[in-house]
Amino acid sequence: MAEIDRSDIVIIGAGVVGCALFRRFALMGLKPLLVEAGGDILSGASKGNSALLHTGFDALPDSLELTCMQAGYREYLEIREHLNLPLVESSALVVAWDDEQLTKLPEIVAKAHRNGVGDVREIGRDNLRRREPHLADTARGAVLVPGEHIIDPWSAPLAYVHQGLAHGGRIHRRCRVTGGDFNGDHWRLETTNGEMAAGLVINAAGNYGDIVEAICRTSPFKITPRKGQFVVFDKPAAALAHAIILPVPTERTKGIVISRTAFGNLLVGPTAEDQEDRALAEVDQAMLQHLIAKGTEMLPALAQQTVNAVYAGLRPATQFKDYQIDFLPERHWITVGGIRSTGLTAALGIAQHVAALYQQRFDGTTTTRPIWTPVPNLCEYRERPYQTPAGGDILCHCEWVTRQEVEQALAGPFPAGDLGGLKRRTRCMMGRCQGFYCGAEASRLADERWSANNAQAAS
Amino acid sequence: MSGHRSISAEVAIIGAGPAGLACAQALKKAGLRDIVILEREAEAGGIPRHCGHTGYGLAEFSRLMTGPGYARRLVDGVAGLDLRTKTTVLRLEPNGVLQITDRDGPATLSARAVLLALGARETPRSARLLTGARPWGVMNTGMLQQMIYLQNRKPFERPVVIGTELVSFSTLLTLRHAGIKPVALIEPCHRITARRPADLITRFCFRVPVLLNTKLHRILGTERVEGIEIDRGNGIERIDCDGVILTGQFRPETALVVPSHLALDGVVNETGTGGPVIDQFMRCSDPSYFAAGNLLRGIETAGQCFREGRAAASNILETLRGNLPPAPAYIPVTHAEPVAYVYPQRIDPLGTTDQPLLFKFRAMRPARGRLQVSIDGKVVWSRCIQALPERRLAWHLPARLLTGAQNVHVEITGEKPSPAR
């Protein structure tokens, strides 16, 4: 009989929330196990978001989402230098394009103040024009949110995993949890990697949240993945907008955002399309053209810019507005579900919140000095390896990724698990040529590394 | 700045493909030695390096060669010159100053003349805004050929090939070399883009079905390509395949030019070459920069790039000798729809004394009519043409016609509807 993999805590799902929980519980001395169905971390909802650090100015007042976002925001700023995480201090502008939207701006400011974001204020048309000279003439006025910033969606979760591993956590990739039962003391989980035993299970399964929840109970929420498509313009387009340009929100969605990215591009998106499929995030030509048209309406000079990349992400939306975080102490189960686009900001705050819930009922946690595990910089607005004497030669010519960066992402205790993971850790193959020049070489390096690993595992 | 390296040269050539190497070789033959050739890849030779099939070199070297053989021949031609591979140019600055980086880190290179021979690349899946999932197995010919010819790897077993340009047939040869049998060749237009009988060769020699009037509707598969949906005008059909090769729709590789001070002829493809604006001496808007090869307009044959590289060399030599001063003003070359582009995009009036001027043209859609060139409103040249989007046309004008001219205009007049076939 195969030996059962035992751990105190199993966290299901290595999206940004799972990674932050993993870090938090490892820092508490609990040696958690993170299991991920995909080939690498961030294979699901967390790979395709708009990469913003939110203040919570427009969040639902008094919600758990707001609390977690604001706690997450603070912790991100506290730890980011230790982990070498980027921050592009851009600010955001909620722009009114007609009279009706203009009348809504004071409400937005009032809500922001109520949410504790006191520096939010309305600015007039001239001020807006000075700040954003490329915006279309039709912009009437805006709400300025100084604290909204741009971050990189992939470095932070990777850094959380590295830190969790340094503190004794473990991670299994390509490991899907298929079932389980609770015997009053611990969980026996069935997975594609065999049986596992866990003292406590945390469900952070993102778009599969309600399916995983059904292992424990009838899920109180249903996930209806909400697809968001994005268009990423080439680097010169980043000069067209300094702040994040937000629309006046409607009931259903925050609408289409224009934002620079940490990688030096300009992004337009997302759409909001409900679907049943939990894995398939398709892009759609008509919708991409619509995004480009919308973006060009707001930023006319975009008509002269070229598209680098397109992508679609699935946000785990439920029938509820707020996060679905639930602690079932008798069942040794914690539910962390329905974490939508704000998850990147809120992840660290969610981890704090869940850790506090855990500590109310269980002991055995310790406080240790954190071991810091800085990650390589991917942000275009900070020094990158190719700019340094020791950087070596460049492998990906569009994103200026060095061969060393690719080799390092494939080495070490937690190498990239698939090509998507390699792209997210290095940016290689993500530029304007999408692999025409470097795709063969980068994928060869990766295949060599993975077949060497497989050979090692088999021997 | 301590530790920052500075290098200087008479001539810097960016890109060691056919255009760059032909230019370097011609400069070397003329006795110039202070030349630096910068190539970002590990091997010099450019695209032919990974076109393992034959079809190169007939005009330049009087024998039929394979791409790699041709690339080696080009590289041999610059033996003794300073050819630096794995060297990336990061930024073009005014007056021939280049910011570069190599394995020793960043450096500044100053040259009296710079040739931009940056080449072209195919339009990837993203910029084509294709519908569907984004699985592994969708690639351009560039990546496919590197995998097959340089790495001996087989990315798939039964892909579809999108496009029917010349490069699409190069793709078929590449696939055959690797023992890969494509499922179909797909073309949205009513006829293939490359010249006939490429389609007949495809059908009868490669035994690959050519589907005309067929649009790629959607890509299927989550991890790997599982199939595509096509639209043939009467509903959506599914084709099972494990790869999608997006061929052609070449664009100039202008990543360095776009953020620089140099003028571009259209950034988004529809009108303009998408490459740098040049005059009849292949000089860019900063006269210390010259451009040649596929950077000028997307794809032409290696042979044409080679000839352009050589032509650029003689213009660079004249500049170094002081015989080509910067022009105080230029004669603009304008055009009207359906002309997609004409280059050179402007004429130096001082340089119009002896040599005939060579113009090159392409249409944006199939068109039949009279291609006509006017100088200051007066028609000076015309010819009946049947243009196709990927077909180029070139003509010469006697230089004396340009003396005192204000404007050159190119248009297609008396357009007749294009035949269905």
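What you see is a predicted model, and the numbers here were worked out from it, not measured in a lab. (Residues numbered from 1 in each chain as written. Chains lettered and ligands numbered in written order. Predicted model: local features only at pLDDT ≥ 70, side-chain atom pairs only at ≥ 80, totals over all residues. Heavy atoms only, no water.)

Comments concerning the overall build of chain A
Per the secondary structure count, chain A includes eleven helices and 21 strands. The globule rule puts the C-alpha radius of gyration for 459 residues at 23 Å, and the 22 Å found for chain A is close to it. Taking the principal axes of its C-alpha atoms as reference, chain A extends roughly 70 × 50 × 45 Å. Counting all 459 residues of chain A, 62% fall into the buried class. At a minimum sequence separation of 6, the contacts of chain A that also span at least 24 residues come to 73%. Approximately 17300 Å² of chain A is accessible, and the part contributed by carbon and sulfur atoms is 51%. Taking the average location of the 47 positive side-chain charges in chain A and that of its 52 negative ones, the two points are 1 Å from each other. (Helix = DSSP H or I, 4+ residues; strand = E, 2+ residues; numbered from the N terminus. Rg over C-alpha atoms; globule rule 2.2 N^0.38 Å. Buried < 20%, exposed > 50% of the residue type's maximum accessible area, 1.4 Å probe, protein only. Contact = heavy atoms within 4.5 Å. Areas by Shrake-Rupley, 256 points an atom, 1.4 Å probe, with all protein chains shown as cover. Lys, Arg positive; Asp, Glu negative; His and termini not counted. Charge placed at Lys NZ, Arg CZ, Asp CG, Glu CD.)

Focus: the nonpolar core
Core analysis: the biggest nonpolar cluster contains 78 residues, and A:Leu21, A:Tyr160, A:Ile202, A:Val336 and A:Ile350 have the highest contact counts within it. Here this core takes ten residues from helix H8 (residues 343-361) of chain A, the largest share from any one element. Counting contributing residues per domain, this core is built from domain 1 (1-86 + 150-222 + 319-380) and domain 2 (87-149 + 224-315) of chain A, each supplying no fewer than three. One finds B:Ala22, B:Leu38, B:Tyr56 and B:Ile278 within the second-largest nonpolar core, a separate group that totals 64 residues. (Core = buried A, V, L, I, M, F, W, Y, C linked by side-chain atoms within 4.5 Å. Domains from an automatic or database assignment.)

Concerning the pattern of salt bridges
All names here are of chain A. Counted according to the given criterion, the structure contains 45 salt bridges over all chains. Across the pair Arg23 and Glu75 runs a salt bridge, and its minimum N-O distance is 2.9 Å. Here Arg23 is found in helix H1 (residues 16-27), whereas its partner Glu75 is found in helix H2 (residues 64-83), with 52 residues between them in sequence. For the pair Arg23 and Glu75, a shared accessibility class is recorded, and that class is buried. (Salt bridge = Lys/Arg side-chain N within 4 Å of Asp/Glu carboxyl O.)

Comments concerning the sheet that holds strand E14 (residues 215-220) of chain B
Residues and elements named next belong to chain B. Read from one edge of the open sheet, three strands run E14-E15-E16, paired in antiparallel fashion. Both edges of this open sheet fall to E14 and strand E16 (236-240), since each of them pairs with a single strand only. Taking the axes of each pair of neighbouring strands and ignoring which way they run, one obtains an average angle of 30° across the sheet. Bridging between E14 and strand E15 (residues 227-231) involves five bridges; their strand directions are antiparallel. Paired with Leu220 across the bridge in E15 is Gly227. (Pairing = 2+ DSSP bridges. Axes fitted to C-alpha atoms, helices over the stretch in contact; angles between N-to-C directions.)

So, the interface of chain A and chain B
Contacts between chain A and chain B engage 41 residues on the former and 45 residues on the latter. Buried area between chain A and chain B, summed over both chains or domains, comes out near 3600 Å², and the portion from carbon and sulfur atoms is 58%. There are two salt bridges connecting chain A and chain B. One salt bridge in this structure joins B:Arg153 and A:Asp447, with 2.7 Å as the shortest N-O distance. Joining chain A to chain B, the criterion identifies 18 residue pairs in polar contact (both at pLDDT 80 or more). (Buried area = accessible area lost by both parts, 1.4 Å probe. Polar contact = N/O pair within 3.5 Å; in protein donor to acceptor, adjacent residues only side chain to side chain.)

Overview of empty space enclosed by the protein
Residue and element names in this part refer to chain A. Applying the stated criterion across every chain, the model contains three cavities of 30 Å³ or more. The calculated volume of the largest cavity comes to roughly 40 Å³. The wall of the largest cavity is formed by Asp40, Ile41, Leu42, Trp154, Leu158, Gly421, Arg424 and Arg425. Looking at which element gives the most residues to the lining of the largest cavity, the answer is helix H10 (residues 419-426), with three residues. Here the residues of the lining of the largest cavity sort into four nonpolar, one polar and three charged. A domain split of the lining of the largest cavity shows at least three residues from each of domain 1 (1-86 + 150-222 + 319-380) and domain 3 (385-458). (1 Å grid on protein atoms, 1.4 Å probe; cavity = no way out; pocket = protein on both sides within 12 Å on 5 of 7 lines; lining within 4 Å. Points joined across faces, edges and corners; volume = space filled by probe spheres on them. Nonpolar A, V, L, I, M, F, W, Y, C, P; charged D, E, K, R; others polar.)

Side note on the domain arrangement of chain A
Residues and elements named next belong to chain A. Parsing chain A into structural domains produces domain 1 (1-86 + 150-222 + 319-380), domain 2 (87-149 + 224-315) and domain 3 (385-458). Summed over both partners, the interface of domain 1 with domain 3 buries about 1400 Å², with 55% contributed by carbon and sulfur atoms. In terms of surface lost to domain 3, no three residues of domain 1 exceed Asp40, Trp154 and Leu378, which account for 37% of the buried area on that side. Counting every contact that joins domain 1 to domain 3 gives two salt bridges. Across the pair Arg425 and Asp40 runs a salt bridge whose closest N-O atoms are separated by 2.9 Å. Between domain 1 and domain 3 we count eight residue pairs in polar contact (both at pLDDT 80 or more) in total.

Observations concerning the environment of B:Trp395
Summarising the element assignment, B:Trp395 is placed in strand E26 (residues 392-397). By relative accessible area, which is 2% here, B:Trp395 ends up buried.

Side note on the sheet that holds strand E24 (residues 367-375) of chain B
Residue and element names in this part refer to chain B. Reading across the sheet, the five strands line up as E22-E20-E27-E24-E25 and stay open at both edges, with mixed pairing between neighbours. The sheet is open, and its two edges are formed by strand E22 (346-347) and strand E25 (378-387), each paired on a single side. The pairing of strand E20 (residues 331-335) with strand E27 (residues 408-416) spans three bridges and is parallel. For Val333, the partnering residue across the bridge sits in E27 and is Val408.

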